[in-house]
Amino acid sequence: TRETPASKMGGRLRLWSVLLTAVLALLSLLPHSLLGNPAEEEVAERSLLLRRAKRGWVWNQFFVLEEYTGLEPLYIGKLHSDMDKGDGSIKYILTGEGAGTTFTIDDSTGDIHAIQRLDREMKAQYILRAQARNRLTDRPLEPESEFIVKIQDINDNEPRFLDGPYWATVPEMSQIGTSVIQVSATDADDPTYGNSARVVYSILEGQPYFSVDAKTGMLRVSLADMDRETRENYTVVIQAKDMGGQLGGLAGTTTVNVMLTDINDNPPMFDQRLYQMSIPETAPVGSVVGRIWAKDRDIGINAEMKYSIIDGDGRDTFDISTDPTNLFGIITVKKPLDFETKLSYTLKVEGANTHVDPHVHHRGPFKDVTIVHVSVEDVDEPPLFDSPAYLLELSEDAEIGTVVKTVSARDPDSANNTVRYSIERTSDLDKYFYIDITSGALMTVRTLDREEMSWHNITVLAMEMNNPSQIASASVAVKITDVNDNPPSLTQYLEAYVCENAKAGQLIQMVTALDVDEPQGGHRFSYSLAPEVADNPNFTLRDNQDNTAWILTRRGGWSQQKQTVFLLPIVISDSEHTSTSTLTISVCTCDREGKVLSCSAEAYSLPASLSTGALITILASIFVLLVLIQLMLTLCTHRKKKPCLYDVEENVHENIVRYDDEGGGEEDTEAFDFALMWNLQEAHHPLGKMRQDMLPEIESLSRYVPQACVHGGGDSTVHRYVLAKILEADMDLCTPPYDSLHIYAYEGEGSVAESLSSLQSGTSNTDHEYDYLNDWGPRFGKLAEMYGVLEANSPPPGD
C-alpha cells in the first residue's frame, strides 16, 4: 500500500522519541557533583520531571498540503505518549493557533485533523501546543510541548500584473532595442518551493513592432523607423506564465498602450505657391491683409513656424508676424496705402520651423517659400485739405467782405471730383464768416470786435460734388488783433468823501482808468477835469504821469448843511480816445483821525421853518398823481387790442410762399426779378428801402463775395449763387428745404396801398380809418365792404 505523509510523520516522531529517551537516561547516570548541590525539594522535583519526561511522543513540525477539498477532515498526524496503555486514562489537549477552529484532536487517540480548507497564501504555518493529562485527575503527565504545522504550497495562483494596464511613450523613428517600459507580474505561490512562482514573459499581441524580455519584462522597440504621422498608437498584450513557462503553468496578461511621440522629421510646406490678397487703400496701419500657412505634419513645438518677408517690392509697406498659435503668418499694413500711387505689391515670404532636431537634420531643409500678391482697392476718399489746420490773424476793424483765407482741398481719387466748401455752423453760430462754395474764400460778413470775442475757431467742410457723403474738415483758428477803438474809463464808478474838517490841498481820492483795448506799447492815460469845472473852487486834479491821478481839495470849511454832495467830471484820454467819468464826492462828518462818522444829510434835509401842514400838502399831491396814473392805465385797457398775428413759422407745411413786401399793383414788377440774379452786385436794394420792422430770414451773402472770386460767364454766376443758397439752407436745420420756401425780403415800389402790415398797428391807440379803400377802385371793393365803409350811393358788389 502507498505510504501517506501522515504515516511518514508518525515514523519520524517515534524515532525522535527513542532518541530523546536515550539522552534522558544518560543524564540520569551523571554524578551529582556534575549536577550541583540543589535543595532536596528541587532534587525530588527534578527526579519527578525526569521520570515524566520519559515518553515516546516528541515532535517538531507537521507538514500538510494546502487547498484540500475532500469531504472528510484532513488527517495531519497522531500524538502518542508511552504512558498511554490504551485504557483511555490519558486525555490529549491541543491549544494554540487554530486549535478548535481549524484543527481538532481526538483526546483519546491523539489523532489531529484539519476541519477547514488551508491556504498557504493566507497563512503559511500554525504554531500549536500539545499536552497529555490524566483523564480522571486532569494532572499533566507530560510537560506542554510546542510544534508547528507548515502548509505546503501547490501551484494554485496565476501571475498578476498589479500595475496594469500600462501607458508608455517612445519617440518615433526610434532604433531597434530602444526601451519602452518594464512590466512586472507577481505570483502569490511560494517562490522557495518548486517552480510555482517562476514567471516567464512573452508577447501575445504587438509583433513585429515590439518585443519583451522573457525574464525582466522589459518592453523594447523591435521595428525601426516607426512613423508617428503614419500610425501613432499601438496596443501590446504581454503574458506572464509561471512554472517557468512549462506546460501546465498558470498565466496572466496585461495591456501596454504605447504612443509614439513626435519629432521634427517633416519639413513645412505651403499649401499654395501663390496667394492673392486685397486691401482697401483706406485701411489704417496695422490692418490685417490676410493669413498664410506653411503646413507641417509634425505637431507641438515641432510644427511652430516663423515667417519673414525675404524679397518683393512690398517689404517696406507690409509686415508679417506669427499668430498666437505659432502656426499661421499674419500679413499686416506697415505704411499707408494709396491706390492712385501704387496698385499692387508682391511679397516673397519664407516659413521656417523654429525647433529643428539635429538627429533628423538630413531630412531638411525645414523651411518653404511662397509668393503673396497684394492688390490695393480703390476707395472713394473724402477731399484732402492742403493743411489740416490754419492759424490766421485778422484786425478787428476789418471791413465786411474781407477775405481772411482761401482754403484749398482736392479729391485724392483719380476721378478728381469737384469740391464744394461750407462752414460747419456749430463752429460759427453767430455767423461771423462766410466761405465761397466753389473757391474756398473765407470772408467776414459781420463786424468783428476783439473785446467781445478774441478768437474764432471755425471748422471748414469740403464735400465732393458727386458724392455728398464724402466730407472732410479742417480747423481754422482766427485771432482777432486789437485796434484802439475803445475810450478809457474809470476803473469803477467811484464814490469819494471829504471830511468837514478837511483842509485845502488834502488828498481825498486816487483814481485809475481802465481800457479794454490792449495796445502793444501798453496803456498811457492822461487825466484832467472837465472844462466846465476846471476852475471850480472846491477840488483840483493832479495827473501823476503813471496812469493815476489825485483829487485834492482847494479849500476848507466844508459843511453838510450847505451842500452834501459834489459831482466832479473827470476827463480820461489815451492816444486816440477820450471819455468823461463823474466822481461823486460826499461831505461827511469825521473824527480827528479822519474816520467817517456819518455822511447822512437827513438832519439838514428840511428847513427849520418847514411845518407839518407843508408835509401833508406834499403827500396829498403825491396821492393825486398816483390816482391819475391808475386812471390812465384803466382807459388804456379798453382800447382796441392789437390783432394776434398768426405765426407762420410754427406751421410750415410743404410748399410755402411768403410775401414780406406789399404788391405795387400793376406797376409792381420787381417783386421777384430773376434777371437780377445775373448780376450779383445789383441783386440788393439800398438799405434805405428795406423794411425796418422785419429783417429777411435768409440774408444773401453773395454781395460780400469779391469780384476776384467770380469766374466764368452768367451761367457760372447763377449756378454758384443757387449752390450757395442751397448749401446755406441745407446747413440750417431749422428751415424748410430751400426749393420749398420762396421768400421776398423787400417792399414793392410804387404801390398806392403802401404797407398793409399790422405789425406796427399796436403802437397806436387810435382806430384805423378805412375810407380810403373806396378810392382804390373796384379791386378793393371787397375789403371796403368787409370794413363797412362803402359809400351810401355806391351799389353793392355784384349788382
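Nothing here was measured: the structure is a model prediction, and the numbers come from that model.

Calculation criteria
- Residues numbered from 1 in each chain as written.
- Predicted model: local features only at pLDDT ≥ 70, side-chain atom pairs only at ≥ 80, totals over all residues.
- Heavy atoms only, no water.
- Helix = DSSP H or I, 4+ residues; strand = E, 2+ residues; numbered from the N terminus.
- Buried < 20%, exposed > 50% of the residue type's maximum accessible area, 1.4 Å probe, protein only.
- Contact = heavy atoms within 4.5 Å.
- Areas by Shrake-Rupley, 256 points an atom, 1.4 Å probe, with all protein chains shown as cover.
- Pairing = 2+ DSSP bridges.
- Axes fitted to C-alpha atoms, helices over the stretch in contact; angles between N-to-C directions.
- Phe/Tyr/Trp six-rings, centres within 6.5 Å; stacked < 30°, edge-to-face > 60°.
- Lys NZ or Arg CZ within 6 Å of the ring centre and 35° of its normal.
- Salt bridge = Lys/Arg side-chain N within 4 Å of Asp/Glu carboxyl O.

Colleague: I'm lost on the overall build of the protein chain in this one. Help?
Modeller: When you go through the protein chain residue by residue, the secondary structure sums to 6 helices and 42 strands. Relative to its full complement of 799 residues, the protein chain shows a buried share of 35%. Partitioning the contacts of the protein chain with sequence separation of at least 6, the portion at a separation of at least 24 is 67%. As displayed, the protein chain offers around 48,000 Å² of accessible surface, 54% of which is attributable to carbon and sulfur atoms.

Colleague: Would you mind going over the environment of T418 with me for this structure?
Modeller: As for its position among the elements, T418 is in the loop between β26 (409–410) and β27 (419–423). Sequence separation between T418 and M465 is 47 residues, and the spatial gap between their C-alpha atoms is 5.4 Å.

Colleague: Would you take a moment to explain the sheet that holds strand β5 (residues 111–114) for this structure?
Modeller: Ordered in space as β2-β5-β4, the 3 strands form an open sheet in which the pairing is antiparallel. The open sheet terminates on both sides in strands that have one partner only, identified here as β2 (74–78) and β4 (103–105). Here the strands of the sheet are splayed against their neighbours by 25 degrees on average, with no regard to which way each runs. Across 4 bridges, the pairing between β2 and β5 is antiparallel.

Colleague: Please explain the packing of aromatic side chains as it appears in this structure.
Modeller: Going through the model one piece at a time under the given rule, you end up with 11 aromatic pairs. Taken together, a centroid distance of 6.4 Å and an interplanar angle of 80 degrees make the contact between F270 and Y275 edge-to-face. Overall, Y275 belongs to the buried group, its relative accessible area being 6%. Ring geometry for F318 versus Y345: centroids 5.2 Å apart, planes at 75 degrees, classification edge-to-face. With F318 in strand β19 (residues 318–322) and Y345 in strand β21 (residues 344–353), the pair connects residues that are 27 residues apart, well separated along the chain. Considered together, F318 and Y345 belong to a single accessibility category, that of buried residues. Here a set of aromatic residues connected by ring pairs shows up, and it is made of Y209, F210 and Y234. The ring of Y345 carries K342 above its face, with NZ or CZ at 5.2 Å from the centroid.

Colleague: Is there a simple way to think about the pattern of salt bridges in this case?
Modeller: Close approach of charged atoms allows side chains of opposite charge to pair. Counted according to the given criterion, the structure contains 14 salt bridges. Notably, a salt bridge pairs K123 with E97, separated by 3.6 Å at the nearest N-O pair. Placement of the pair is K123 in the loop between β5 and β6 (125–134) and E97 in the loop between β3 (90–96) and β4, with a sequence separation of 26 residues. Residue E97 is classed as partly exposed on the basis of its relative accessible area, which comes to 33%. The closest approach of N and O atoms between K342 and D313, which form a salt bridge, is 3.4 Å. Of the two residues, K342 is situated in the loop between β20 (328–333) and β21 and D313 in the loop between β18 (305–311) and β19; the sequence distance between them amounts to 29 residues. Residue classification places K342 among the partly exposed positions, given a relative accessible area of 29%. We classify D313 as partly exposed; its relative accessible area is 44%. One network of salt bridges, with partners in common, ties together R450, E451, D482 and E518.

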